[in-house]
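The primary structure of each chain is shown beneath.
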Amino acid sequence: MKVRAADFLVYDKEKDVYRENPEQVVRDDVEKHYWLHVARTVMKDWRLYLMLVPMLLVFLFWRYFPMYELLSCFKVYDGVLPVSERLFSGFSYFKTLLVGGTQMTTDFWRAMRNTFILSFYGLCFGFPMPIILALFFNEVRSNIARSIYQVLTYLPKFLSTVVMTSLVTMLVKQGSVTTGMGILSRALANLGLISEEVANAGLLRNPSFFRSIYQISGIWEGAGYDSIVFFAAIIAISPTSYEAAQIDGANKWAQMRYVVIPSILSTVVIMLITRIGSLLNIGYEKVLLLYNTNTYVTADVVSTFSYRTGMQGSSANTGIAAAAEMMNNVVGMLLVIGANTIARKASNTSLY
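In this text the structure is predicted, and so the values were computed from the model without any measurement.

Can you help me understand the overall build of the protein chain in this one?
Helix and strand content of the protein chain: 19 helices and two strands. Counting over 352 residues, the protein chain shows a buried share of 35%. When contacts within the protein chain are restricted to residue pairs at least 6 apart in sequence, those whose partners lie at least 24 apart make up 59%. Element-wise, carbon and sulfur atoms account for 66% of the exposed surface of the protein chain, whose accessible area totals about 22,400 Å².

Here it is as structure tokens:
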């Protein structure tokens, strides 16, 4: 960018002199007192900024401080010395996981594959369900009925992971916990969808059923709560849009297609980008409570692999576990950047 004298000086023809450009004087004054303006704004709305303090502390103690321990994936593991005093090991842990040729390498790639498959299924089947629920809530005319439906769908989100997984286990009745068939297992057996042997052994002991159980329970748990964002976007649509569509002869399906869905498309894109960002971040709690040694082949994910590798057994190594989690998070970051770039070019809607 070229800088011209006219940007800073203005020629006065009457007195044949150059004077300071008034606009530049204003810009200089704003830059000079920028932090004073920020301080005045903060003091004016100090109550709002005070409400940010708990959130900042949570991010500081549970998001930023733990990053220091990521150094362990570049340091020689030592169960006594702190991370800062350990010897530097380079990328040896990453090589062990990626191309080590050991059983740990095989287990890591299996965990990566399972993580991606579970996340991809959740994106394909779990992401549209909150949108469908929000569209359904919008079509319920009775406020009382809609409130009841919403509360019933929100409730599973407020159950702890332990309670939710216990309910799932009771429905299929895993043999090590209870005896006999659960309601779900018996119903599937009576319909001829599964054999009596599979039902008696427990669906959670069969690796072929783990992914289906995980996804269905995830939709039941979170679809209602996640629909709040989409329902809020729907009720913000101006009634005049519906009236214009009705004048043009649009029925309910046409209004949903040409009015509702285009109006909430930007919200859907933003939520999709954030969902893709956490695509590989499957929490280990639910998987850890549902899986067992029989279902490792389809249930073991990076989080549970890191938990077993870093905390269980006499050969526990936090360096290997940290390296696995770092690679998982790096891939997740690249997915966010890629999804955001595609969304910005395709629909002019993006996070940044």
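Please clarify how the pattern of salt bridges should be interpreted in this entry.
Should the charged atoms of two oppositely charged side chains come close, the side chains can pair. Applying the stated criterion across every chain, the model contains four salt bridges. Notably, a salt bridge pairs R110 with D107, separated by 3.7 Å at the nearest N-O pair. Residue R110 and its partner D107 are both found in helix α6 (residues 103-126); the two are separated by three residues, about one turn of the helix. Of the residues examined, R110 reaches a relative accessible area of 18% and is grouped as buried. For D107, a relative accessible area of 17% gives the class buried. A salt bridge links E139 to K252; the nearest nitrogen and oxygen atoms lie 3.8 Å apart.

So what exactly am I meant to see when it comes to the packing of α6 against helix α18 (residues 302-311) here?
When two helices pack together, their arrangement is given by the angle between the helix axes and the distance between those axes. Running from amino to carboxyl end, α6 crosses α18 at an angle of 150 degrees, the nearest separation of the two axes being 8 Å. Judged by the inter-axis angle, α6 sits roughly antiparallel to α18. Note on element contacts: α18 touches α6 through V302, F305, R308 and T309, opposite M104, D107, F108, R110, A111, M112 and T115. Split by residue class, the contact of α6 with α18 holds six nonpolar, two polar and three charged.

I keep staring at the nonpolar core and nothing clicks. Help me out?
A general feature of soluble globular proteins is that nonpolar side chains tend to end up buried together. If you look at the biggest cluster of nonpolar residues, it comprises 23 residues, and the most contacted ones within it are I131, I234 and I264. At the level of secondary structure, the elements contributing two or more residues to this core comprise α7 (128-139), α12 (207-235), α13 (239-247), α14 (252-263) and α15 (265-277). Residues in contact with I264, not counting those within four places in the same chain, are I131, A233, I234 and I237. One finds L118, L204, V287 and Y291 within the second-largest nonpolar core, a separate group that totals 19 residues.

Help me out: how do you make sense of the packing of α12 against α15 in this one?
It is at 10 Å that the axes of α12 and α15 come closest, and there the two elements cross at 160 degrees. The angle between α12 and α15 falls in the class roughly antiparallel. The hand of the α12/α15 crossing is right-handed. Residues V229, F230 and A233 of α12 touch α15, and the partners they reach there are T267, V268 and M271. Here the residues of the contact of α12 with α15 are counted per class, giving five nonpolar, one polar and no charged.

Looking at this structure, I do not really get the packing of aromatic side chains. What am I missing?
Two numbers describe a pair of aromatic rings. These are the distance of the centres and the angle of the planes. Throughout the structure, instances matching the rule amount to 17 aromatic pairs. Summarising the aromatic geometry, the rings of F127 and F230 are spaced 6.2 Å apart at their centres and angled 85 degrees between planes, so their arrangement reads as edge-to-face. One end of the pair, F127, is in the loop between α6 and α7; the other, F230, is in helix α12, and 103 residues separate them in sequence. The buried category is assigned to F127, whose relative accessible area is 11%. For F230, a relative accessible area of 2% corresponds to the buried category. Centroid distance F136 to Y149: 5.8 Å. Interplanar angle 40 degrees. Geometry classified as tilted. Of the two residues, F136 sits in helix α7 while Y149 sits in helix α8 (residues 143-154), which places them 13 residues apart along the sequence. On the accessibility criterion, F136 (41% relative accessible area) is partly exposed.

What's the story with the environment of A199 in this structure? I'm lost.
Along the polypeptide, A199 turns up in helix α11 (residues 196-201). A199 sits 27 residues away from V172 along the chain, and the two C-alpha atoms are 7.8 Å apart. Apart from residues no more than four positions distant in its own chain, A199 is found in contact with M181, S185, A189 and I194.

Can you walk me through α14 in this structure?
Each turn of an α-helix holds 3.6 residues, which means side chains three or four residues apart point in the same direction. The terminal C-alpha atoms of α14 lie 15 Å apart, and with twelve residues this matches the ideal 16 Å at 1.5 Å per residue to within 8%. Of the positions making up α14, those classed as buried are A254, Q255, M256, V259 and V260. Packing partners of the buried residues in α14 comprise α7, α12 and α13. Taking the backbone nitrogen of W253 as reference, a side-chain oxygen 3.3 Å away marks N251 as the first, capping residue of α14.

For this particular structure, what's the right way to read the side chain of T105?
Residue position: T105 is located in helix α6. Accessibility expressed as a relative area gives 7% for T105, which makes it buried. A polar contact is formed between the side chain of T105 and the backbone oxygen of T96, at a distance of 2.5 Å. For T105, the contacting residues outside a window of four places in its chain are T96, L97, L98, V99 and G100.

Is there a simple way to think about the environment of N200 in this case?
By the secondary structure assignment, N200 is in helix α11. The exposure class assigned to N200 is partly exposed, which follows from its relative accessible area of 47%. When the C-alpha positions of N200 and A189 are compared, they lie 9.6 Å apart, and in sequence the two are eleven residues distant.

Rules and cut-offs
- Residues numbered from 1 in each chain as written.
- Predicted model: local features only at pLDDT ≥ 70, side-chain atom pairs only at ≥ 80, totals over all residues.
- Heavy atoms only, no water.
- Helix = DSSP H or I, 4+ residues; strand = E, 2+ residues; numbered from the N terminus.
- Buried < 20%, exposed > 50% of the residue type's maximum accessible area, 1.4 Å probe, protein only.
- Contact = heavy atoms within 4.5 Å.
- Areas by Shrake-Rupley, 256 points an atom, 1.4 Å probe, with all protein chains shown as cover.
- Salt bridge = Lys/Arg side-chain N within 4 Å of Asp/Glu carboxyl O.
- Axes fitted to C-alpha atoms, helices over the stretch in contact; angles between N-to-C directions.
- Parallel < 35°, antiparallel > 145°, perpendicular 65-115°, else oblique.
- Nonpolar A, V, L, I, M, F, W, Y, C, P; charged D, E, K, R; others polar.
- Core = buried A, V, L, I, M, F, W, Y, C linked by side-chain atoms within 4.5 Å.
- Left-handed = near helix turned anticlockwise from the far one by under 90°.
- Phe/Tyr/Trp six-rings, centres within 6.5 Å; stacked < 30°, edge-to-face > 60°.
- Expected span 1.5 Å × (residues − 1).
- Polar contact = N/O pair within 3.5 Å; in protein donor to acceptor, adjacent residues only side chain to side chain.

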